[in-house]
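# Survey of secondary and tertiary structure
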Amino acid sequence: MSSSTELDCGGSIEWLNASQMVTKQVKVKTMNLQMIRNEFREIYVTIKSQNKVNLKLPLVDVNIHKNFVVEGKASIHFTKDNIRVMISNAPPSMLVMFLKTMFVKLTSRKNSPKINTREQLLSKKPQSFEEISPISSKDVNRLNSQIAKLPPAELKKRHILQQRKKQDTTRKCAKSLDLANTKLTEEQKEVLQAAVSGQNIFFTGSAGTGKSFLLRCLLSALPPDFTAATASTGAAACLIGGITLHSFAGIGSGEGTFERCLELAKRPQVAQNWRKFKYLVIDEISMVEKDYFEKIEKIARIIRNNNDEPFGGLKLIFCGDFLQLPPVVTGKSSSKKFCFQSEAWARCNLRSFILQTVHRQADPKFVSLLNNIRMGRVTDDIVQTLKLTAKNELEKDGIIPTQLCCRTNEAETINNNKLAQLTGTEKRYDSVDSVSDSKTLNDQTPVSRVLVLKEGAQVMLLKNINVGSGLVNGARGFVLKFSPEGAPVIKFKSGLVHTLQPEKWVVKCPNGTLLTRRQYPLKLAWAFSIHKSQISVCLHPQNWTVEAA
Ligand SMILES: Nc1ncnc2c1ncn2[C@@H]1O[C@H](COP(=O)(O)OP(=O)(O)OP(=O)(O)O)[C@@H](O)[C@H]1O
Ligand SMILES: [Mg+2]
């Protein structure tokens, strides 16, 4: 893995003339950028790509564009040499660290005493280049003292700009670049190391041990163009910014004969998908069915023309908890098995990790109770503790516990009945979709095409609007009224009253095109299916009071 002073990526290098026109361009599949310093402590960036490029550019004045850094893209313009390096396919968290280090080193260097050319020529120091050290506390102190020296007006301007930028980024890319800054625990780090070093891994752990959290960190440490980020359900895929395993695999439900499935997978677009990736990530793997798993494993070997390695040599990163959701059983086949029961799973030779620390709940007694139930161990003590909760007050500020149902249509019936019981006028909101009648948008966004509300309707928020004030995915409340413009005004359980605006969801198709849906981020929440609740509220379960159906 690259350090924060080195970056492996793809991209191109452009030579510009005085009017900033590109006079020469070299495109490369892979290149290596590294920050080094010479005997006079001047910083250079080396750019190397096999036989194609070998540059050493002084890091004195650069313009950095980093709007697409979450996608692993950025550009660095070395103004002195008028060379622009277009970076793509960089692991986003590495790219963030690299650019951050470049910024800190550049700023702290600006303050250091300069040695002029004459002094350099006369110097007796032997010529040397060494790797630059990662950001040190010295660099940070230098940077801070420089900021402290700024006049108050400039400081204020910077602060406002920073705040605005922060809000923008949070809204634009919730998948967070801050992941680069977050502290993984030792057990999480071990998984990350194994994955980025190319081992086939499966990591599991009980609810709240940070599986999804770690997976998002992991995805940001892998090259996006070579990583197929998939999940067994649309909603889980949406949470990691990926696509469903079914749309990636391209064999429909996988229920046809193997020959038929192979035929489907050989379609050019699908086959290209199977060939171009290096890593296959599957979240919520427990919901992937055995026969389906076996089929795609064999198909991968055939299409990738590599029969010796599991999945034809793809590096595998599987995540999920087999003690949570099993594969969805449809009417046709009632005896579906877990994918770990397949021969293909054994062939994958996965290194398994079990995350132990629960991050979601702080109460050790509650954690232990949940862990016992997870393993099917329900002692008298646990029964007693749970029975005592029957005395808990269920209704709070007009919000009743959400009922969990085994089937989606059961939950829909409850919600529709409750809505019908309200006497107010119905308000209907149609989503604005980039394509009409899209099954993908219906399956992969948590919001429905048509949302019907009334005053008093119990709802759940489906997007993080403002984490600091508790307006998070999973927060519940009820429709207090409709604003003069017709927008729903929600009173949340926390007491906060907020007028909602339509939000945008973006779904990636297997061919890379993006579909969008704009809708109010709400869903009726008197009842929810267990599958939906698992996926919609996994980020903020503390907002839930749940009553079993
Ligand atoms: N290293 C960490 N530092 C701080 N917070 C963490 C860390 N790891 C996980 N968390 C937090 O713990 C909570 C639970 O994490 P997460 O949703 O990833 O768990 P999970 O294992 O995927 O649970 P589930 O099985 O229910 O899907 C989240 O709020 C997450 O941000
Ligand atoms: Mg999870």
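Here the structure is a predicted model, which is why all the values come from computation and not from measurement. (Residues numbered from 1 in each chain as written. Chains lettered and ligands numbered in written order. Predicted model: local features only at pLDDT ≥ 70, side-chain atom pairs only at ≥ 80, totals over all residues. Heavy atoms only, no water.)

### Section: the sheet that holds strand 24 (residues 514-519)
In space, the three strands of this open sheet follow the order 17-24-23, with antiparallel pairing throughout. Every other strand in the sheet has two partners, leaving strand 17 (432-433) and strand 23 (503-508) as the edge strands with one partner each. In the sheet, strand 23 pairs with strand 24 via six bridges, with the strands oriented antiparallel. Residue pairing in the sheet places Trp 505 in a bridge with Arg 517 of strand 24. (Pairing = 2+ DSSP bridges. Helix = DSSP H or I, 4+ residues; strand = E, 2+ residues; numbered from the N terminus.)

### With respect to the site of ligand 1
Around ligand 1, 16 residues are found, and the nearest of them are Gln 188, Gly 208, Lys 211, Phe 213 and Gln 324. For ligand 1, an oxygen atom lies 3.3 Å from a polar atom in the backbone of Thr 209. Between ligand 1 and Ser 212 there is a distance of 3.0 Å, counted from an oxygen atom to a side-chain nitrogen or oxygen. For ligand 1, whose free accessible area comes to 640 Å², the fraction covered by protein is 80%. Residue contributions to the shell around ligand 1 peak at three residues, all from helix 6 (residues 211-219). In terms of residue class, the shell around ligand 1 is built from four nonpolar, nine polar and three charged. (Near = heavy atom within 4 Å. Polar contact = N/O pair within 3.5 Å; in protein donor to acceptor, adjacent residues only side chain to side chain. Areas by Shrake-Rupley, 256 points an atom, 1.4 Å probe, with all protein chains shown as cover. Nonpolar A, V, L, I, M, F, W, Y, C, P; charged D, E, K, R; others polar.)

### What to know about helix 11 (residues 290-303)
An ideal rise of 1.5 Å per residue puts 20 Å on 14 residues; helix 11 measures up with 20 Å between its terminal C-alpha atoms. In terms of burial, helix 11 is largely enclosed, as ten of its 14 residues are buried. Those residues of helix 11 that fall on the buried side of the exposure criterion are Lys 290, Tyr 292, Phe 293, Lys 295, Ile 296, Glu 297, Ile 299, Ala 300, Arg 301 and Ile 303. In the core, the buried residues of helix 11 are packed alongside helix 8 (245-249), helix 9 (258-265), helix 10 (268-276), strand 13 (315-319) and helix 12 (343-347). The N-terminus of helix 11 is capped by Glu 289, whose side-chain oxygen sits 3.1 Å from the backbone nitrogen of Asp 291. Immediately downstream of helix 11, the backbone of Asn 305 shows phi near 55 degrees, a positive value. (Expected span 1.5 Å × (residues − 1). Buried < 20%, exposed > 50% of the residue type's maximum accessible area, 1.4 Å probe, protein only. Contact = heavy atoms within 4.5 Å.)

### Thoughts on helix 9
Burial in helix 9 covers these residues: Phe 258, Cys 261, Leu 262, Leu 264 and Ala 265. The arc that holds the buried residues of helix 9, viewed along the axis, is 160 degrees, so those residues lie on one side. In helix 9, the exposed positions angled more than 90 degrees off the buried face are occupied by Glu 259 and Glu 263. For helix 9, the elements touching its buried residues are helix 8, helix 10 and helix 11. (Arc of directions from axis to C-beta.)

### Some points on a nonpolar patch on the surface
The grouping of Ile 373, Val 378, Val 383 and Leu 386 at the surface amounts to a nonpolar patch, some 290 Å² of accessible area in total. Here Ile 373 is to be found in helix 13 (residues 364-374). Here Ile 373 falls in the partly exposed class, since its relative accessible area comes to 35%. (Patch = residues over 30% accessible without salt bridge, like charges linked within 9 Å, V, L, I, M, F, W, Y side chains within 5 Å. Salt bridge = Lys/Arg side-chain N within 4 Å of Asp/Glu carboxyl O.)

### Points about the sheet that holds strand 9 (residues 201-205)
One open sheet holds the six strands; their spatial order is 11-10-12-13-9-14, and the pairing between them is parallel. Each edge of the sheet is formed by a strand with only one pairing partner; in this case those strands are strand 11 (243-244) and strand 14 (351-355). Strand direction decides the pairing type here: strand 9 and strand 13, joined by three bridges, are parallel. Paired with Phe 203 across the bridge in strand 13 is Cys 319. Against the sheet, helix 5 (residues 186-196) touches strand 9, strand 12 (279-283), strand 13 and strand 14, its axis set at about 155 degrees to strand 14. (Axes fitted to C-alpha atoms, helices over the stretch in contact; angles between N-to-C directions.)

### Some details on the packing of aromatic side chains
Across all of its chains, the model carries 14 aromatic pairs by this definition. When the ring of Phe 293 is compared with that of Phe 311, the centres are 5.6 Å apart and the planes differ by 70 degrees; the resulting orientation is edge-to-face. With Phe 293 in helix 11 and Phe 311 in the loop between helix 11 and strand 13, this pair connects stretches of sequence that are 18 residues apart. Each member of the pair, Phe 293 together with Phe 311, is buried. By way of ring pairs, the aromatic residues Phe 202, Phe 293, Phe 311, Phe 318, Phe 322, Phe 338, Phe 340 and Trp 345 are connected into one cluster. When the ring centre of Trp 15 is taken as origin, the NZ or CZ atom of Lys 24, which lies over that ring, is 4.4 Å away. A cation sits over an aromatic face here: Lys 463 above Trp 505, 4.3 Å from the ring centre. (Phe/Tyr/Trp six-rings, centres within 6.5 Å; stacked < 30°, edge-to-face > 60°. Lys NZ or Arg CZ within 6 Å of the ring centre and 35° of its normal.)

### Observations concerning the environment of Leu 55
Within the element layout of this structure, Leu 55 appears in strand 4 (residues 53-58). A sequence separation of eleven residues divides Leu 55 from Tyr 44, and the C-alpha atoms of the two residues are 9.7 Å apart. In this view, Leu 55 contacts Ile 13, Trp 15, Val 45, Thr 46 and Ile 47; residues no more than four positions away in its chain are not counted.

### Details of the domain arrangement of the protein chain
Each assigned domain of the protein chain is listed with its residue range as follows: domain 1 (6-115), domain 2 (179-355) and domain 3 (393-534). Using C-alpha coordinates to define each centre, domain 2 is positioned 29 Å away from domain 3. Taken together, the two surfaces of domain 2 and domain 3 that pack against each other cover about 1,100 Å², and 58% of this comes from carbon and sulfur. Among the residues of domain 2 in contact with domain 3, Cys 238, Ile 243 and Leu 325 are the three that bury the most area, contributing 38% of the side total. At the boundary of domain 2 and domain 3, one finds zero salt bridges. Applying the counting rule to domain 2 against domain 3 returns zero residue pairs in polar contact (both at pLDDT 80 or more). For the side of domain 2 that touches domain 3, the secondary-structure elements that each account for two or more residues are helix 7 (234-239), strand 11 and helix 10. Top contributing element to the side of domain 2 that touches domain 3 by residue count: helix 7, with four residues. Residues that form the side of domain 2 that touches domain 3 fall into these classes: eight nonpolar, eight polar and one charged. (Domains from an automatic or database assignment. Buried area = accessible area lost by both parts, 1.4 Å probe.)

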